[in-house]
Amino acid sequence: MEAHELSFEPDDRYNAFLAVCKKAPCGKGKLAGIAVAVKDNISTKGIETTCASKILKGYIPPYDAHAVELLRHAGAAIVGKTNMDEFGMGTTTENSAFGPTLNPCDTSRVPGGSSGGSAAAVAGNMVRMALGTDTGGSIRCPAAFCGIVGLKPTYGRVSRYGLIAYANSLEQIGPMGRTVSDVSTLLQVIAGKDRHDSTSYDRPYTHTPVADVKGLKIGIPGEYFGGGVDPKVAGVVKTAISRLEELGATTVPCSIPSMKFALAAYYVTCTCEASSNLARFDGVRYGPAADTKKSWHDAYKEVRKAGFGTEVRRRIMLGTFALSSGYYGKYYTKAQVARENVKADFARLFSEVDLLAGPTMPTIAFRLKEKSDPLSMYLSDILTVPANLAGIPAISVPCGKADGMPVGLQIMGRPFEDECVIDAAYAYEQAVK
Amino acid sequence: MMSEDQVIVGLEVHCQLDTKSKLFCGCSTDYRSDGPNTHVCPVCLGLPGAMPVLNKRSIEYAMKVAKALNCTVLHESEFSRKNYFYPDLNKAYQITQYDKPLAEGGYLEIESDEGGERRIRLTRIHVEEDPGRLVHMGNAERGKYSLVDYNRAGIPLIEIVSEPDMRSPKEARKFLNKLRATLEYLSVFDSEKEGSLRVDANISIKGNERVEVKNITSYKGVEKALTFEVTRQKNLIRRGQRIERETRHFIESTGITQSSRSKEQEHDYRYFPEPDLRPLHVQSWMEGIVLPELPDARRERFVAQYGCSLNHARTLTGELKLANFFEHVVAADPKGLSTLAATWIADTLIGELNYRSMNLESVDAPGFTELIGILKSGILTDKSGIDVLRVMLDQRMNHQSCETSAAIVDRLKLRKVTSVTLEKSLTYEIVPNPILTAITEVLTEQPGAVDDFMKGKKGAFNFLVGQVMKKTRGCADPGELNRMLVEALKKKEV
Amino acid sequence: MVTEKDVEHIAELADIGINTGELGTFTHQFNAILDYFDVLDQVKGDTTVTRDLTNIMREDVVEPSLSRDEVLKNAAAQEDGFIKAPRVM
């Protein structure tokens with residue numbers, strides 16, 4: 001492989017980057033010389049990886065995440081690590097220990113989260129594409145808020161090896177870009193089986209987008225246009241859906257009854273998994289030092305109190321509670337049953353329709369500091385978490401503006417039919433170009 | 001035999017499986033001779049983002065054990081996280097099996113205290129990862145801290161949980177020995193590797209609360225710890241005190257158990273299924289597992305094929321290497337050598353090895369086989385045979401050049417001295433009959449004793465025997481010595 | 001309803017330090033969130049989780065470990081190849 005270097009000195013006025021590689025090595029291949037930003041919860045060998053948390057300050061992974069390894073093989077220049085909500089816990093990228101990222105479309109607003117840095121880097125023209133991660137909407141939400149394209153692939157399609165786990169059973173690494181075609185190209189590079197990830201499938205992605213939705217049946221779930229959804233956003237999305245009809249798709253109204261449980265099932269599951277995943281940050285093997293003059297538990301407690309932000313500590317406590325004896329059945333077990341119900345609802349719907357469409361987010365990007373109450377922030381994930389619970393592919397593609405801010409059209413498909421989801425998004429994108 | 005103060009014991013035995021790589025990563029399990037943190041990768045160091053991938057052989061090994069112990073492998077089993085925070089636990093959770101273990105049920109038969117077989121039922125067998133190792137450093141003045149070595153982290157373990165079916169510390173030891181033998185016969189476990197086995201024991205006196213004793217790391221420790229607990233608990237009961245349900249730690253060096261405070265009781269491990277691993281559906285593999293000959297079968301064969309006594313057969317088959325060694329020694333002449341070999345290995349060799357803290361591997365098998373041959377020919381007394389064996393073992397232990405058994409016999413002039421074997425020296429030297437020479441000398445040197453004998457003092461004869469034996473450095477055949485001395489004294493009388 | 005005492009207990013179980021000043025807010029927020037979670041009480045059945053990939057395993061092959069330098073590089077304190085940790089016991 002011929003090695004080059006890409007100079008990268010962005011004007012990062014949005015605080016999109018936590019680390020920048022001024023001279024980024026790159027090579028030949030599908031992404032030859034293309035600047036790619038990587039979310040800071042994805043391990044990069046030799047580049048500090050913090051998950052936007054003080055508890056990982058200074059941590060330099062001795063290995064690359066599988067997706068990063070694939071990027072390097074494809075010749076991409078990994079130019080930096082992007083800001084995020086600490087450990088992916090948030091919907092605004094305000095929960096970063098290193099300051100919020102601003103929305104390039106309106107710097108008084110949040111870029112969405114948790115992959116807000118990746119979205120802002122792409123939307124702000126600093127990079128052509130970026131890797132994000134999506135646990136409950138963390139790629140699609142910032143894509144929608146910043147007016148770019150973001151895909152959460154089918155669970156298992158992209159290896160999670162090297163992705164610093166927040167909620168293992170829900171999250172996926174996925175591509176973000178300004179066009180569907182860039183997103184598709186990036187997915188070509190990162191998808192496929194990895195022997196280091198026991199949950200990854202041998203389903204490589206070799207597709208090139210085709211702008212064709214003729215004959216496709218698209219379900220429009222009533223729940224995606226219900227109470228909490230801003231009517232202006234709903235209006236923009238409805239217009240976009242009629243555009244798909246004009247292109248030859250048929251639409252049918254449908255319903256996802258289990259949506260009622262989805263958000264609770266999601267938050268119980270992700271906080272439970274997080275409470276276990278985040279316990280390893282003890283200041284012994286990596287991260288700021290635990291005080292070896294203290295006793296283990298005192299030092300451990302201290303490291304965690306000083307190292308984790310409030311939202312992270314809140315979710316660790318919630319998850320600890322939900323797993324604790326006496327509550328496991330009420331929370332964890334019920335959440336898994338609810339999750340099966342969501343899966344079953346999607347399976348039923350996808351026996352009747354090819355795709356589901358609706359808004360990505362119920363509103364446009366929030367103003368900075370607008371969402372101060374945790375529950376109201378959680379509620380804004382209501383339209384994105386079902387895809388994570390069911391493991392299905394879901395894309396957000398820009399579909400117009402409301403109050404001058406971008407709105408995302410979300411398209412969901414059958415498991416491992418990321419191709420179909422991408423084609424529909426591509427057809428829409430090409431039609432409105 | 002139900003009595004008021006009946007002892008009830010159940011064991012949880014953790015054994016390291018002898019795989020080449022760790023349970024969830026490719027790091028080598030051969031870490032014992034290397035420095036700390038040299039067999040570690042992102043997975044077993046618990047680096048953020050690393051993911052476990054299950055070692056197939058560890059499941060195959062665990063299933064072999066399950067089959068040998070008559071367990072049922074479940075249709076679906078899965079791994080769970082056991083969450084607790086300790087610096088040697090790389091991820092702050094241990095990947096283990098909880099509500100869906102690999103196998104359930106089963107039993108192991110042991111020799112009961114009254115003789116005969118006793119069936120100890122098993123609850124379950126599951127697979128889990130070993131944590132790292134902690135070394136405690138410092139002192140009160142200069143500050144205490146711990147050092148962590150993650151080489152051991154991720155070594156595959158099986159945990160075998162028994163029902164509370166054992167009735168004494170001795171039975172617990174027997175269970176453990178039998179279990180060890182079975183695992184060794186299956187070639188899945190190496191008991192000689194330091195720390196390869198750890199035991200937690202539950203013990204109660206019937207009708208009282210149960211106490212868990214953790215941290216027992218040796219075979220002997222189990223019996224010791226439980227014996228201590230039986231005494232402690234019985235004493236409490238005798239004094240009318242209540243036995244508290246608690247966890248205690250065994251202190252190997254002092255042989256006592258110590259309460260580990262209340263925190264342990266409150267542990268809430270918050271188990272949940274490991275989302276990074278997929279379920280196992282391996283029940284159908286059981287058919288394909290071919291078991292080798294196990295200890296019980298081999299013991300029966302030793303009795304039938306070699307005519308070993310039941311006790312000898314039990315001892316010899318109680319360890320794989322010992323059983324193999326025995327069969328190796330008698331291979332040339334099973335009919336002629338097996339009884340002698342069984343006695344010498346089971347009754348003598350094991351003791352001599354233990355005394356020297358040596359293991360069977362350091363015994364020169366051809367040398368030992370030769371010794372048994374020499375013993376068979378009748379030219380050594382048992383005592384001389386032991387001398388030869390001791391010289392052999394000492395030479396091995398001290399890494400000296402090793403002589404053959406025959407050479408040792410000759411160098412130490414240990415041939416049993418009899419008029420018959422006199423001419424049959426191993427190196428064919430003609431020597432005068434040393435017994436006769438010795439008797440002649442003694443009778444001249446000890447006229448007083450001879451006199452006493454003539455007066456009918458029985459002790460005098462024994463004294464004279466001793467003197468002759470001393471002169472022959474213990475090589476005289478006692479029967480022959482007696483006969484010749486009687487004759488010589490008769491001649492004196494005349 | 002969880003009380004401040006419950007939240008303190010959870011923080012202890014999670015071994016996550018908590019300031020007394022935070023207790024009130026956390027308790028208030030927990031109650032709002034847990035109230036919301038109560039919707040799960042309406043979930044019926046005990047469907048077992050379906051997971052389609054099974055028996056994902058690797059062969060027992062030794063692969064290179066990290067160098068000790070790489071292992072120790074991120075550790076805050078080390079001694080003779082060991083990683084230093086606060087005392088337990």
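The numbering scheme is per chain: residues are counted from 1 as the chain's sequence reads. To read the labels, note that chains go from A and ligands from 1, taken in the order they are written. At least 70 in pLDDT is required for a residue's local features to be given in this predicted model, at least 80 for side-chain atom pairs to be given and counted, and no such filter applies to totals for whole chains, interfaces and linings, which use all residues.

(A) Representation of the overall build of chain C within the structure. Each helix is a run of DSSP H or I of at least 4 residues and each strand a run of E of at least 2, with the numbering of both proceeding from the N terminus. Along its length, chain C carries three helices and three strands. Listing the helices and strands of chain C from first to last along the sequence gives α-α-β-α-β-β. Over its C-alpha trace chain C gives a radius of gyration of 23 Å, far above what one expects of a compact globule, namely 12 Å for 89 residues. If you line up chain C on its principal axes, its C-alpha atoms span 50 × 45 × 25 Å. Exposure is read from a count of other C-beta atoms within 10 Å of each residue's own; the residue is exposed at 12 or fewer, buried at 20 or more and partly exposed in between. C-beta atoms are placed from the backbone. Taking all 89 residues of chain C together, the buried fraction comes to 27%. Radius of gyration means the value over C-alpha atoms here, while the globule rule gives 2.2 Å times the residue count to the 0.38 power.

(B) View of the packing of helix 5 (residues 310-317) of chain B against helix 7 (residues 334-355) of chain B. Residues and elements named next belong to chain B. An axis is simply a line fitted to the C-alpha atoms; with a helix, the fit covers only the stretch in contact. Between two such axes, the angle follows the N-to-C directions and lies from 0 to 180 degrees. The geometry of helix 5 relative to helix 7 is characterised by a closest axis approach of 10 Å and an angle of 65° between their N-to-C directions. Considering the relative orientation of helix 5 and helix 7, their crossing is left-handed. Taking contact as the criterion, the partners of His312, Thr315 and Leu316 in helix 5 are, on helix 7, Ala342, Thr343, Ile345 and Ala346. Note on residue categories: nonpolar means Ala, Val, Leu, Ile, Met, Phe, Trp, Tyr, Cys or Pro, charged means Asp, Glu, Lys or Arg, and polar means any other residue, Gly included. Here the residues of the contact of helix 5 with helix 7 sort into four nonpolar, three polar and no charged. Working rule for handedness: look at the near helix, and if it is turned counterclockwise from the far one by less than a right angle, call the crossing left-handed; if clockwise, right-handed. Residues are defined as contacting one another if the C-beta atoms placed from their backbone atoms lie within 7 Å.

(C) Highlighting the environment of Ile155 of chain B. Residue and element names in this part refer to chain B. If you trace the backbone, Ile155 turns up in the loop between strand 10 (143-149) and strand 11 (156-162). Given 26 C-beta atoms within 10 Å, Ile155 falls into the buried group. Once the C-alpha coordinates of Ile155 and Asn462 are considered, the two residues, 307 residues apart in sequence, prove to be 63 Å apart. What Ile155 contacts, discounting residues up to four positions off in sequence, is Gln16, Lys22, Leu23, Thr29 and Asp130.

(D) Region of interest: the sheet that holds strand 12 (residues 394-402) of chain A. All names here are of chain A. DSSP calls a pair of strands paired once it identifies at least 2 bridges connecting them. If you trace the 11 strands from one edge of the open sheet to the other, you get 2-5-4-6-8-7-12-13-11-9-10, paired in mixed fashion. Bordering the open sheet on either side are strand 2 (17-20) and strand 10 (250-254), each of which pairs with just one other strand. Across the sheet, the mean angle separating the axes of adjacent strands is 30° when strand polarity is ignored. Bridge count for strand 12 against strand 13 (residues 405-413) is seven bridges, and the pairing is antiparallel. Counterpart to Ser396 in the pairing with strand 13 is Gln410. Packed on one face of the sheet, helix 4 (residues 180-190) meets strand 6 (129-134), strand 7 (149-152), strand 8 (172-177) and strand 12 and runs near 145° to strand 8. Each of strand 9 (217-221), strand 10, strand 11 (355-359), strand 12 and strand 13 is contacted by helix 5 (residues 231-246), which is oriented at about 115° to strand 12, the strand it contacts most.

(E) Quick look at the environment of Ser362 of chain B. All names here are of chain B. Mapped onto the elements, Ser362 comes out in the loop between helix 7 and helix 8 (365-377). Judged by the 12 C-beta atoms lying within 10 Å of it, Ser362 is exposed. Along the chain, Ser362 and Val9 lie 353 residues apart, while their C-alpha atoms are 36 Å from each other.

(F) Local environment of the confidence of the model for chain C. Model confidence for chain C is summarised by a mean pLDDT of 92, while 94% of its residues fall at 70 or above. Listed scores for the predicted complex are pTM 0.90 and ipTM 0.97. Note on scores: pLDDT gives the predictor's confidence for each residue, bounded by 0 and 100.

(G) Structural detail: the packing of helix 8 of chain B against helix 9 (residues 382-397) of chain B. Residue and element names in this part refer to chain B. The contact between helix 8 and helix 9 brings their axes to 11 Å, and the two run at 170°. Viewed along their axes, helix 8 and helix 9 adopt a mutual orientation that is roughly antiparallel. Where helix 8 abuts helix 9, its residues Gly367, Leu371 and Leu375 lie against Gly385, Val388, Leu389 and Met392. For the contact of helix 8 with helix 9, a count of residues per class yields five nonpolar, two polar and no charged. Oblique is the label for any angle not under 35 degrees, not over 145, and not in the 65 to 115 range, which are roughly parallel, roughly antiparallel and roughly perpendicular in turn.

(H) Highlighting the sheet that holds strand 4 (residues 80-83) of chain B. As summarised here, the arrangement of the three strands in space is 5-4-16 (chain B), forming an open sheet in which the pairing is antiparallel. Each end of this open sheet is capped by a strand with a single partner; those strands are strand 5 (93-96) and strand 16 (272-273) of chain B.

(I) Local environment of the interface of chain C and chain A. Across the contact, 37 residues belong to chain C and 49 residues belong to chain A. By residue number, the principal contributor to the side of chain C that touches chain A is helix 2 (residues 20-37) of chain C, which donates six residues. Taken together, the residues of the side of chain C that touches chain A sort by class into 24 nonpolar, six polar and seven charged.

(J) Broad picture of the confidence of the model for chain B. Of the residues in chain B, 94% have a pLDDT of 70 or more, and the chain-wide mean is 90. Overall, residues 419-431 of chain B carries pLDDT values under 50, and its contacts beyond four positions in sequence, including any with other chains, amount to 13 contacts.

(K) Broad picture of the pairing of strand 4 (residues 35-39) of chain A. All names here are of chain A. Within strand 4, five of the five residues are buried, which leaves it mostly tucked inside the rest of the structure. Here strand 4 shows no split at all, with Ala35, Ala37 and Lys39 on one side and Val36 and Val38 on the other all buried. Across five bridges, strand 4 lies against strand 5 (residues 77-82) in parallel orientation. When the bridges of strand 5 are listed, Ala35 appears paired with Ala77. Between strand 4 and its parallel partner strand 5, the chain crosses via helix 1 (residues 66-73), and the hand of that crossover is right-handed. By convention a crossover is right-handed if, when the strands point away from the viewer, the path from the first strand over the helix to the second runs clockwise.

(L) Examining helix 2 (residues 169-185) of chain B more closely. Residues and elements named next belong to chain B. The end-to-end C-alpha distance of helix 2 is 24 Å, a good match for the 24 Å that 17 residues give at a rise of 1.5 Å each. Within helix 2, 15 of the 17 residues are buried, which leaves it mostly tucked inside the rest of the structure. Of the residues trailing helix 2, Ser187 is marked for its positive phi of about 55°. Expected span, for any helix, means 1.5 Å times one less than how many residues it has.

(M) Representation of the interface of chain C and chain B. The interface is formed by 29 residues belonging to chain C together with 38 residues belonging to chain B. Sorting the residues of the side of chain C that touches chain B by element identifies strand 1 (57-58), helix 3 (68-73) and strand 3 (82-86) of chain C as the ones contributing at least two each. With five residues, strand 3 of chain C is the largest single contributor of residues to the side of chain C that touches chain B. A breakdown of the residues in the side of chain C that touches chain B according to their chemical character gives 15 nonpolar, four polar and 10 charged. Examined bridge by bridge, strand 10 of chain B and strand 3 of chain C share four bridges and lie antiparallel to one another. Residue pairing in the sheet places Val148 of chain B in a bridge with Ile83 of chain C of strand 3 of chain C.

(N) Examining the domain arrangement of chain B more closely. Residues and elements named next belong to chain B. Here the bounds of each domain stem from an automatic or database domain assignment. The domain boundaries assigned to chain B delineate domain 1 (7-288), domain 2 (295-414) and domain 3 (434-493). A straight line from the C-alpha centre of domain 1 to that of domain 2 covers 35 Å. Put simply, the parts of the chain that give the side of domain 1 that touches domain 2 at least two residues each are strand 7 (107-111) and helix 2. For the side of domain 1 that touches domain 2, the element with the most residues is helix 2, which contributes six residues. Grouping the constituent residues of the side of domain 1 that touches domain 2 by class yields two nonpolar, two polar and five charged.

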